[in-house]
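Here is how the chains run, residue by residue.
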Amino acid sequence: MSLLQRSRSLLLASAVAGVVVASGFALVGTAEAATTLGASAAQTGRYYGAAIAAGRLGDGTYTGILNREFNSVTPENEMKWDATEPSQGRFTYTNGDRILNQGIAMGAKVRGHALLWHQQEPGWAQSMSGSALRSAMINHVTQVATHYKGKIYAWDVVNEAFADGGSGARRDSNLQRTGNDWIEAAFRAARAADPAAKLCYNDYNTDGVNAKSTGIYNMVRDFKSRGVPIDCVGFQSHLGTSIAGDYQANLQRFADLGVDVQITELDVAQGGNQANIYATVTRACLAVARCTGITVWGIRDSDSWRTGENPLLFDNSGNKKAAYTSVLNALNAGGTSSPSPSISTPPSPSTSTSPQPGGGCTATVSLNSWTGGFVASVKVTAGAALNGWTVTVALPSGSTVTSTWSATNSGTTGSVGFRNVSYNGQVAAGGSTEFGFQGTGAGPTATPVCTAG
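Now for a description of the structure that goes with this document. Please read these numbers as outputs of a predicted model, since none were measured by experiment.

**A short note on the sheet that holds strand β13 (residues 389-394)**
Spatially, four strands are ordered β15-β16-β13-β19 in an open sheet, and the strand pairing comes out antiparallel. Edge positions in the sheet fall to β15 (408-410) and β19 (449-452), since each has one partner strand and no second. The average angle at which neighbouring strand axes cross in this sheet is 25 degrees, direction not considered. Where β13 lies against strand β16 (residues 415-419), five bridges are found, and the strand directions are antiparallel. Note on β16: the bridge partner recorded for Ala394 is Ser415.

Here you go:
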């Protein structure tokens, strides 16, 4: 969310009316658990977080509430494309790192927001299209996710890619025009860059069962059926003065697909029903086992992008509002326990070949390709236990490797060798590891050759 989105508030209100921290949560004593949002949420294995701005971290009232109440943080703008890569190939992480370090200092989870979004693209990307944009997009995902590797609990990999209205279709954008597989390509690149992070799709006006949420549901179902690495779906929940009657049922249908659900940008227009709506959202999350947490979009009303709507849990002076009390009471009432917050990596979408009994290793490759470029994910499977491996990949004529992760490569064209790095050379018998590379031209079609040692 940003100042660019302020004009959207009336639409949202009317539509509604119709890093990784130890894989767990910091638990505290009973007295504190009864009186703070984060600690109360942690009693059921969830987080209660806030979106924060680096520029406000010098405000004592702001940081005081943040440190006391929340066990998760999300950057408002500091990890978006325009902030992290203002010039092509030149990355800056100063303010994103400030958010990360704030989260680390609090012992909080950090949600990354957002790797790709059609808004807040840097100017140089706005003017690009086709294969050049696709290559830049994948490189951006790879570089940013690699910078924060192992430190981010969950990434909003793609943000707001579906259109409003009754079509349930994708939103037209320069990203969408690179090819309908662009979201899939982004998720695969993010998984290759940071295998530990939960990978989420995030959108708004999806709070009930409607055409837009169903379009996203169909995409997630397709991704799960084909092994595309998606772990969670974010529901922004910028709410007006009412809430969809099937809010909880909508969360549950996504959870039933085998993904976590998260409330990612919650705020509610102030009115006679604000406290009740906040409580309803909280109870809905607690009732869905795979709802892993809630994030409010800001701390005090004065910090909100929804000027004049006073949509948050603390007033301009930092005092708790009735909505705060309703949320705390709902959290303390408890609910279903969420899944273990430890992070697991879904299996590779590759179709693996069986290693020879007692043999060395085999390798399989899966591709995300577009005109002029590709991303390849390679799965190495051990026969006998491995203490190092090399994979040789034959590239078609005219193709070139441009970047590699979780391996080192010798050569960039023709027959390219990839060798393990320090942390993935030892593979137990029957086990597997993965690496990936990006390139220009056409991707490899022949089966890679794996050699032990």
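Back to the text.
**Considerations on the environment of Lys379**
By the element assignment, Lys379 lies in strand β11 (residues 373-382). For Lys379 and Ser432, which are 53 residues apart along the polypeptide, the C-alpha to C-alpha distance reads 6.7 Å.

**Focus on the state of the cysteines**
Considering all chains together, one arrives at three disulfides under this definition. The side chain of Cys285 participates in a disulfide bridge whose partner is Cys291; the two sulfur atoms lie 2.1 Å from each other. Disulfide Cys285-Cys291: torsion about the S-S bond near -100 degrees, hence left-handed. Look at Cys291 and you get buried, because its relative accessible area is 0%. Along the protein chain, the cysteines engaged in disulfide bonds are linked according to the scheme 1-2, 3-4, 5-6 when indexed in sequence order.

**Some words on helix α10 (residues 211-226)**
Spanning 16 residues, α10 covers 23 Å between terminal C-alpha atoms, matching the ideal 22 Å at 1.5 Å per step. Looking only at α10, the buried set comprises Lys212, Ser213, Gly215, Ile216, Tyr217, Met219, Val220 and Phe223. Its buried side turned inward, α10 meets α9 (182-193), β5 (198-203), β6 (232-235) and α11 (247-255). Two or three places before Lys212, at the start of α10, stands the capping residue Asn210, its side-chain oxygen 3.1 Å from that residue's backbone nitrogen. Two residues or fewer past α10, Gly227 is found with a positive phi of approximately 80 degrees.

**As for the packing of aromatic side chains**
For the structure on display, the rule yields 14 aromatic pairs. Both rings, one in Trp81 and one in Trp124, keep their centres 5.7 Å apart while their planes meet at 85 degrees; by these two values the pair is edge-to-face. Here Trp81, found in helix α5 (residues 81-84), pairs with Trp124, found in helix α7 (residues 123-126); they are 43 residues apart in sequence, far enough to count as distant. Relative to Phe254, the ring of Tyr217 lies with its centre 5.5 Å away and its plane at 85 degrees, an arrangement referred to as edge-to-face. Within this pair, whereas Tyr217 is found in helix α10, its partner Phe254 is found in helix α11, the two being separated by 37 residues in sequence. Under the relative-accessibility criterion, Tyr217 is labelled buried at 16%.

**Some thoughts on the pairing of β6**
Neither face of β6 is exposed, since Cys232 and Gly234 on one face and Val233 and Phe235 on the opposite face are all buried. As paired strands, β5 and β6 are joined by four bridges and run parallel to one another. Bridge pairing in β6 places Tyr201 opposite Val233. Since β5 and β6 lie parallel, the crossover through α10 that links them has a hand, and here it is right-handed. One ladder, built from four bridges, connects β6 with strand β8 (residues 260-268); its direction is parallel. Paired with Gly234 across the two strands is Gln262, which belongs to β8.

**A word on the packing of α11 against helix α12 (residues 274-287)**
At their nearest, the axes of α11 and α12 sit 9 Å apart, and the two run at 30 degrees to each other. By the criterion of interaxial angle, the relationship of α11 to α12 is roughly parallel. Where α11 crosses over α12, the two elements pack in a sense that is right-handed. On α12, the residues that touch Tyr247, Gln248, Leu251 and Gln252 of α11 are Val281, Ala284, Cys285 and Ala287. Grouping the constituent residues of the contact of α11 with α12 by class yields six nonpolar, two polar and no charged.

**Some remarks on the pattern of salt bridges**
One pass over the structure, following the stated rule, counts 19 salt bridges. Among the salt bridges present, the one from Arg56 reaches Glu76, with a minimum N-O distance of 3.7 Å. In this pair, Arg56 is assigned in the loop between β1 (47-52) and α4 (60-69) and Glu76 in the loop between β2 (72-75) and α5, connecting sequence segments 20 residues apart. Owing to a relative accessible area of 25%, Arg56 belongs among the partly exposed residues under this scheme. Glu76 sits in the buried class, given a relative accessible area of 10%. Where Asp181 meets Arg134, a salt bridge forms, and the shortest distance between an N and an O atom there is 2.8 Å. Remark: Arg134 occurs in helix α8 (residues 130-147) and Asp181 occurs in the loop between β4 (154-159) and α9; sequence separation between them is 47 residues. Relative accessible area serves as the criterion here: at 0%, Arg134 is assigned to the buried category.

**Focus: the nonpolar core**
Tyr48, Phe70, Trp155, Val158, Leu266, Tyr278 and Leu313 are the most contacted members of the largest nonpolar core, which has 92 residues in total. Among the elements that take part in this core, α9 stands out by supplying eight residues, more than any other. Setting aside its immediate chain neighbours within four residues, Val158 contacts Leu116, Trp182, Ile183, Ala186, Phe187, Cys200, Tyr201 and Asn202. Ranked by size, the runner-up nonpolar core spans 20 residues in total, among them Val380, Leu395, Phe435 and Phe437.

Reading the values: rules and limits
Residues numbered from 1 in each chain as written. Predicted model: local features only at pLDDT ≥ 70, side-chain atom pairs only at ≥ 80, totals over all residues. Heavy atoms only, no water. Pairing = 2+ DSSP bridges. Helix = DSSP H or I, 4+ residues; strand = E, 2+ residues; numbered from the N terminus. Axes fitted to C-alpha atoms, helices over the stretch in contact; angles between N-to-C directions. Disulfide = S-S within 2.5 Å. Buried < 20%, exposed > 50% of the residue type's maximum accessible area, 1.4 Å probe, protein only. Expected span 1.5 Å × (residues − 1). Contact = heavy atoms within 4.5 Å. Polar contact = N/O pair within 3.5 Å; in protein donor to acceptor, adjacent residues only side chain to side chain. Phe/Tyr/Trp six-rings, centres within 6.5 Å; stacked < 30°, edge-to-face > 60°. Right-handed = clockwise from strand over helix to strand, strands pointing away. Parallel < 35°, antiparallel > 145°, perpendicular 65-115°, else oblique. Left-handed = near helix turned anticlockwise from the far one by under 90°. Nonpolar A, V, L, I, M, F, W, Y, C, P; charged D, E, K, R; others polar. Salt bridge = Lys/Arg side-chain N within 4 Å of Asp/Glu carboxyl O. Core = buried A, V, L, I, M, F, W, Y, C linked by side-chain atoms within 4.5 Å.

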